[in-house]
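Each chain is listed here by its residues.
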Amino acid sequence: MWAALAALMTSLVVAPPATAAGEPLTITDFQSDGVPAGVYAWGNDAASTPVLTTEPATDRPGAPPANRALKSVYAVGQWGGWSHDLTVPQDWSPYEGFSFWVNGSGSGQRIFFEVKDGGGGAGSAELFESSFTDDTAGWRQVRVPFSSFTRRTDHQPGGAPTDGALDLDVMWGYAMRLPTATGTLVWDEVQVYGTAPPRPVRLSTDAPVYPVDEQGRAEVRVTIITATGAPLSTDLAVDYRTGTGTATPGADYTAAQGTLTFPAGTASGASKAFTVRTNQDGQNEVAETIPIELSGTGTRPPAEAPAIVINAHGFRYLNARLPVKKRVADLLRRMTLEEKAGQMTQAERGALAKQSDVATYLLGSLLSGGGSAPAQNTPRAWADMVDAFQLQAQRTRLQVPLIYGVDAVHGHNNVAGATIFPHNVGMGATRDPALVEQQGKITAREVKATGIPWDFAPCLCVSRDDRWGRAYESFGEDPALVTRMATIIDGLQQNGVLATAKHYVGDGGTAYGSSTNGDFTIDQGITRTSREELEAIHLAPFTEAVKRGVATVMPSFSSVDFGAGPLKMHAHGELLNNVLKGRLGFKGFVISDWQAIDQIPGDYPSDVRTSVNAGLDMIMVPYAYPAFTSTLKAEVEAGRVTMKRVDDAVTRILMQKFRLGLFERPYADRSRIGDVGSAAHRAVARTAAAKSQVLLKNADGLLPLRRDARVYVAGSNADDIGNQSGGWTISWQGSSGPITPGTTILSAIRSRAAGVTYSRDASAGLAGHDVGVVVVGETPYAEGQGDVGRAGRTLDLSAADRAAVERVCGAMKCAVLVVSGRPMVLGDLSGVEAVVASWLPGTEGDGVADPLFGAVPYTGRLPFTWFRSAEQLPINVGDAAYDPLFPYGWGLRTDRGQDRLKAAGAGLGAGDNLSKAAAAALTPALHDRNWNADGSARDPRAVLSALGTAASLLDRSKSDAYAVGDAVVSVARDIAQRAGKRPDLQAAADHELAAGNLRKAVDLLAQSAG
């Protein structure tokens, strides 16, 4: 595989133009009036993003006449700089090093720069860095040989290679990272220079680690890869030998030494093998290592020496027949403080300086942050990557397996080709807990197939302000609804994947303007509340999660203020220790959010001891794993963190590892790789997308559309998989465009309508069409970067989308589909016949088109109150002043209420006596005389009376399914919505329904119908 990949990348690389020996190659010059293509500035916020311009620079030594240079004016608060990304990679391997001119200020500040090596593009390249000190006022040339660059350990982008080697043959550009300060620097003539020494043949093995039992054999396969991909020009001898490790030659294994000969003409990518045999000594032992040393003239050995590991054996914790508690106790008593600290550490996989750091630092966990994918983003490559890391854990003395985590928040959303479900906001709109559980099951199967047993989902936040950039991660604004949707935990955990209830607690209640993170306005802010209100609104879903046995809980970045001042959740011992682990009885482990302990006031040792003493069991560092493990060890040795607290944390972690079966089955089950993105899984996602569609308005019954209709389609989100999938899709922030396989809404409409004209901006001719469909809404974002008020973000439709709506709906009957993560400002709807809240439906656009054309009915309901204007925010069910455009729970249906009641009655007939009585109570409502031809209730009072009686019986029934009760109440909602009165009562009714109070729900809707 690696040889094929190398050959492919070689074919895409642009070789540098021929130059005289030692003559530099200019990568970037600045001779144009504007900033060159591919050069751009970046920063953590607008203020930290430098301003780039080109200006005359004839004073640079050796500069040509009329020379120009790049001026960067900066005021960096957290991070900022500029980059030059190449659209086609270059081969820098013939050169010795990297150079540039800089006009400094003599500030004495250290300035880092980096080059982008390998991967599929500049955004997924491995980063290698160097630095210089701005100690000279005026021009100077910085020249750094490539041999002096080191791999960045504080950040690597998603999809970056992890081989730790600066290969130079596929280079995507460079970046200059400006200091956290205010200043001006001028840059010129970025080049590669000098002549590199001859490039060696690279040696690799088919695995980084070879676990083997006593009296076994390990076959090590050695592969050669030439620099150019051409066959060997001369014979190549590769020497191998077993080196000095913890295993004893003669006693534990038979030492091996020899030569593998690859004759001239051998193809690049060819391999040969040798074998090492292990012995048996009859003793219970920890794992022992045998390093493998490879060498040869003209070769480059693997960046890390592979190793054979003789497996640990004979200990009680390795006996799968023993109860988990006994296995944990046996393992815990054998562990050193260093090993325990390692178990409490979670690192980002791209942060590892070397893969073997898993063993060196005894790490208990790795994760892929949003977009942190292998270089080839395929299910099999994910399994290969995770298994390779898992192999490194086998180097450790006790061979405690890693637990690998990923944010699979709407399907296995980091993996190209995986099934992408609607985001939680859409799943909340389905009001279907059974479907949400099925989503969890499918997600678990796809995640597990790639070797990952842990999902940082579900988000059980109760979002109370649509301006929050994470609103779409919430199932809704009502704690009763969010609690209902905790069924996803069962879907995940009953299929072998740990669930994570996040973000504990109150992240959906942060006050607008309270964020302390950069230019965020609400995310990571402060929830100002009472203990009673926090319990009623935000804690309720977590109480349900604990009842369902959720394995892990993740605290929120946000703070809680009960009136005495804000306290970060990662430091909140009252809510973590006393409430979560104490009163609620949570038995799993608490995992921090990304680098979240760093936000606790104080120095790093204070951050560590405060968070661990507050109840955190594992810390997502995610880059500073050496510092965290050493700091935690020092805090324990100093008595500031007790060994009892550490043992509790490690016990909780090990319990989950044993229950997952990781000690017996640590690697990916590749038999299910074909299930990732399968047709069967996509069919469920399509159903979810269809059920998530909320019909807000339907004048004159425009929807569903006829199949013979000639449809005019417009709008920014009609033909864009990335936009309809939203953030947390392939990358953290998501992106527009064809980022993963799927069906766009446009292609789904084309498969149904008799004729379709598509014009994104509605500039094509409008005549000759029966109906228009304008698909508008948001582009992707995630977390605080989606906060309203950040970088000018609003809840308004774009000017282009508004123009498309006006043009199309002014010329014909039309439906507007809003693809967004939250309600948006809709403005005047008088000229629009139909409006649908499509949310973020995921990859299955067919699900949007199914109810649009009547293949299934519209059944979704609003999980959020739809405001009239942004000035009303925040607005939620239960507010004293409640005047929305559409209330919480609103959703017009296109199926017949009478048919729903018939189906409900049939289902109730198989239940207990109370359910059967409820079925009988519905009978009077089913008479045809009570219904109009259009499906509406002719005699609302008679129907509501029957519904109330049935609901009272169902409240006491032990066999009533939620779906049946929901169907009964839905008919009362139809009547209330048709009356169009008292939105507050309609919203309150939907809350009561989710809380399980059917009679209250029917009574409120009857009162609303008035």
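These figures come from a predicted structure and were not determined experimentally. (Residues numbered from 1 in each chain as written. Predicted model: local features only at pLDDT ≥ 70, side-chain atom pairs only at ≥ 80, totals over all residues. Heavy atoms only, no water.)

Comments concerning the overall build of the chain
Short version of the rule: Helix and strand assignments come from DSSP, with helices taken as H or I runs of at least 4 residues and strands as E runs of at least 2, each series counted from the N terminus. Radius of gyration means the value over C-alpha atoms here, while the globule rule gives 2.2 Å times the residue count to the 0.38 power. Whether a residue is buried, partly exposed or exposed follows from its accessible area with a 1.4 Å probe, protein chains only, as a fraction of its type maximum: under 20%, in between, or over 50%, in that order. Whether two residues are in contact is decided by their heavy atoms, any of which lying within 4.5 Å being enough.
Assigned secondary structure in the chain consists of 25 helices and 38 strands. The C-alpha radius of gyration of the chain comes to 31 Å, within 12% of the 30 Å expected for a compact globule of 1010 residues. Each of the three principal axes of the chain carries a C-alpha extent, and together these read 95 × 80 × 60 Å. In the chain, buried positions account for 59% of the 1010 residues. Here the analysis covers contacts within the chain between residues at least 6 apart in sequence; of these, 77% occur between residues at least 24 apart.

Description of the sheet that holds strand β28 (residues 552-555)
Selection rule: Here a strand pair is declared whenever DSSP counts at least two bridges between the two strands.
Pairing is parallel in the open sheet, where three strands are placed in the order β26-β28-β31. With partners counted over all chains shown, the strands left at the sheet margins are β26 (500-504) and β31 (589-590), one partner each. Pairing between β26 and β28: four bridges, direction parallel. The residue bridging alanine 501 from the neighbouring strand is valine 553, located in β28.

Looking at the side chain of serine 559
Considering the arrangement of structural elements, one finds serine 559 in strand β29 (residues 559-561). Here serine 559 falls in the buried class, since its relative accessible area comes to 7%.

Concerning the state of the cysteines
The following threshold applies: We call a pair of cysteine sulfur atoms a disulfide when they lie within 2.5 Å.
All told, the structure shown has one disulfide when counted by the stated rule. Put simply, cysteine 809 and cysteine 814 are joined by a disulfide, and their sulfur atoms are 1.9 Å apart. Sign of the S-S torsion, about 100° for the bond between cysteine 809 and cysteine 814, identifies this disulfide as right-handed. Taking the relative accessible area as the measure of exposure, cysteine 809 reaches 12% and is therefore buried.

Topic: the confidence of the model for the chain
Parts of the prediction with low pLDDT should not have their coordinates interpreted in detail. Short version of the rule: Known as pLDDT, the predictor's confidence for each residue is given on a scale from 0 to 100.
Taken residue by residue, the chain gives an average pLDDT of 96. The fraction at 70 or more is 98%. Note on residues 1-12: pLDDT under 50 across the span, and 11 contacts to partners over four residues away in sequence or across chains.

A word on the nonpolar core
Cut-off, in case you're wondering: Each nonpolar core is a collection of buried residues, namely Ala, Val, Leu, Ile, Met, Phe, Trp, Tyr and Cys, held together in the definition by side-chain atoms within 4.5 Å.
Counting residues in hydrophobic clusters, the biggest one holds 152 residues, and the most contacted among them are Phe274, Ile308, Leu331, Leu366, Tyr504 and Leu580. Examining the composition of this core, we find that eight residues originate from one element, helix α14 (residues 643-660), more than from any other. Ala429, Val808, Val818 and Leu840 belong to the second-largest nonpolar core, a separate cluster that totals 64 residues.

With respect to the environment of alanine 855
Looking at where alanine 855 falls in the secondary structure, it is placed in the loop between α19 (846-852) and α20 (897-908). In this structure the C-alpha to C-alpha distance between alanine 855 and alanine 690, which are 165 residues apart in sequence, comes to 9.6 Å.

Some points on the sheet that holds strand β23 (residues 365-368)
Strand order in this open sheet of five strands is β25-β24-β23-β22-β32, and the pairing throughout is parallel. A single partner strand is all that each edge strand has here, and the edge strands are β25 (454-455) and β32 (619-620). The pairing of strand β24 (residues 403-406) with β25 spans two bridges and is classified as parallel. Along β25, the bridge assignment pairs glycine 405 with tryptophan 454.

Notes on empty space enclosed by the protein
Selection criterion: With a 1 Å grid spanning the protein atoms alone, the term cavity applies to any set of points in which a 1.4 Å probe fits but cannot get out, the term pocket to an open set with protein on both sides within 12 Å along at least five of seven lines, and the term lining residue to any residue with an atom within 4 Å of a point. Grid points are joined across faces, edges and corners, and a volume is the space filled by probe spheres set on the points. Each residue gets one label: Ala, Val, Leu, Ile, Met, Phe, Trp, Tyr, Cys and Pro are nonpolar, Asp, Glu, Lys and Arg are charged, and the others, such as Gly, are polar.
Scanning all chains against the criterion turns up five cavities of 30 Å³ or more. The calculated volume of the largest cavity comes to roughly 100 Å³. For the largest cavity, the full set of lining residues is Met335, Glu339, Gln343, Val358, Leu362, Leu363, Ala393, Thr396, Arg397, Leu398, Gln399 and Val400. Among the residues forming the lining of the largest cavity, the class breakdown is seven nonpolar, three polar and two charged.

Section: the pairing of strand β21 (residues 307-310)
In β21, alternate side chains face the same way, and those of Ala307 and Val309 on one face and Ile308 and Ile310 on the other are all buried. In the sheet, strand β14 (residues 209-212) pairs with β21 via four bridges, with the strands oriented parallel. By the bridge assignment for β21, tyrosine 210 is matched with isoleucine 308. Pairing between strand β19 (residues 288-295) and β21: four bridges, direction antiparallel. When the sheet's bridge partners are listed, isoleucine 290 is paired in β21 with isoleucine 308.

Quick look at the pattern of salt bridges
When their charged atoms lie close together, side chains carrying opposite charge are able to pair. Applicable threshold: By definition, a salt bridge exists where a carboxyl oxygen of Asp or Glu is found within 4 Å of a side-chain nitrogen of Lys or Arg.
For the structure on display, the rule yields 63 salt bridges. With a shortest N-O distance of 2.7 Å, arginine 241 and glutamate 293 are connected by a salt bridge. With arginine 241 in strand β16 (residues 236-242) and glutamate 293 in strand β19, this pair connects stretches of sequence that are 52 residues apart. Note on glutamate 293: relative accessible area 36%, which makes it partly exposed. Note that aspartate 648 is salt-bridged to arginine 652, the shortest N-O span being 3.2 Å. Pair noted here: aspartate 648 and arginine 652 are both in helix α14, with a separation of four residues, about one helical turn. Here arginine 652 falls in the buried class, since its relative accessible area comes to 12%. Counted as one network, the salt bridges with shared partners bring together Glu114, Glu129, Arg152, Asp154 and Arg177.

Overview of the packing of helix α24 (residues 983-994) against helix α25 (residues 998-1009)
What counts is decided by this rule: Helix axes are fitted only over the stretch in contact, all axes being lines through C-alpha atoms; the angle between N-to-C directions runs from 0 to 180 degrees. By definition in this entry, angles of less than 35 degrees are roughly parallel, angles greater than 145 are roughly antiparallel, angles of 65 to 115 are roughly perpendicular, and the rest are oblique.
It is at 8 Å that the axes of α24 and α25 come closest, and there the two elements cross at 170°. With respect to each other, α24 and α25 are oriented roughly antiparallel. Of the residues in α25, those in contact with Leu985, Gln986, Ala988, Ala989, Glu992 and Leu993 of α24 are Leu998, Lys1000, Ala1001, Leu1004, Leu1005, Gln1007 and Ser1008. Along the lines of polarity and charge, the residues of the contact of α24 with α25 split into eight nonpolar, three polar and two charged.

Comments concerning the side chain of threonine 865
Keep this limit in mind: Two N or O atoms count as a polar contact when they lie within 3.5 Å, although within protein this holds only if one can serve as hydrogen donor and the other as acceptor, and sequence-adjacent residues are included solely when both atoms are side-chain atoms.
You can see threonine 865 is positioned in the loop between α19 and α20. Side-chain polar atoms of threonine 865 contact the side chain of tyrosine 882, separated by 2.7 Å. Ignoring sequence-local partners within four residues, the contact set of threonine 865 consists of Asp466, Glu477, Pro823, Ile875, Asn876, Val877, Tyr882, Pro884, Phe886, Pro887 and Tyr888.

A look at helix α2 (residues 324-334)
It helps to recall that an α-helix has 3.6 residues per turn; residues three or four apart then point in one direction. Inspection of α2 places Arg327, Val328, Asp330, Leu331 and Leu332 among the buried residues, and these make up the whole buried set. In this structure, the buried side of α2 is in contact with α3 (337-343) and α14.

Some thoughts on the pairing of strand β15 (residues 217-225)
Relative to β15, strand β13 (residues 201-205) runs antiparallel, the two being bridged by four bridges. By the bridge assignment, serine 204 is partnered in β15 with threonine 223. Direction of pairing for β15 relative to strand β18 (residues 271-277): antiparallel, over a ladder of seven bridges. Residue pairing for β18: alanine 218 is matched across the bridge by valine 276.

So, the packing of helix α23 (residues 962-979) against α24
Contact geometry of α23 with α24 gives a least axis separation of 11 Å together with a crossing angle of 175°. Put simply, α23 runs roughly antiparallel to α24. Contact residues: α23 offers Tyr962, Gly965, Asp966, Val969, Arg973, Ala976 and Gln977, while α24 offers Gln986, Asp990, Leu993 and Ala994. Here the residues of the contact of α23 with α24 are counted per class, giving five nonpolar, three polar and three charged.

Observations regarding helix α12 (residues 604-614)
Those residues of α12 lying buried are Ser606, Asp607, Val608, Ser611, Val612 and Ala614. On its buried face, α12 is in contact with α11 (573-583), β32, α13 (625-637) and α14. If you check the start of α12, you find a side-chain oxygen 2.9 Å away from the backbone N of serine 606, and it comes from aspartate 603. Immediately beyond the C-terminal end of α12, within one or two residues, lies glycine 615, with a positive phi of roughly 125°.

Some remarks on the packing of aromatic side chains
Test applied: Under the pairing criterion, centres of Phe, Tyr and Trp rings, with the six-membered ring standing for Trp, must be within 6.5 Å; the plane angle then separates stacked pairs below 30 degrees from edge-to-face pairs above 60, leaving the rest tilted.
Scanning all chains against the criterion turns up 30 aromatic pairs. Ring geometry for tryptophan 594 and tyrosine 623: centres 5.8 Å apart, planes at 85°, overall edge-to-face. On the criterion of sequence distance, the pair formed by tryptophan 594 in the loop between β31 and α12 and tyrosine 623 in the loop between β32 and α13 is long-range, its members being 29 residues apart. The class of tyrosine 623 is buried, set by a relative accessible area of 12%.

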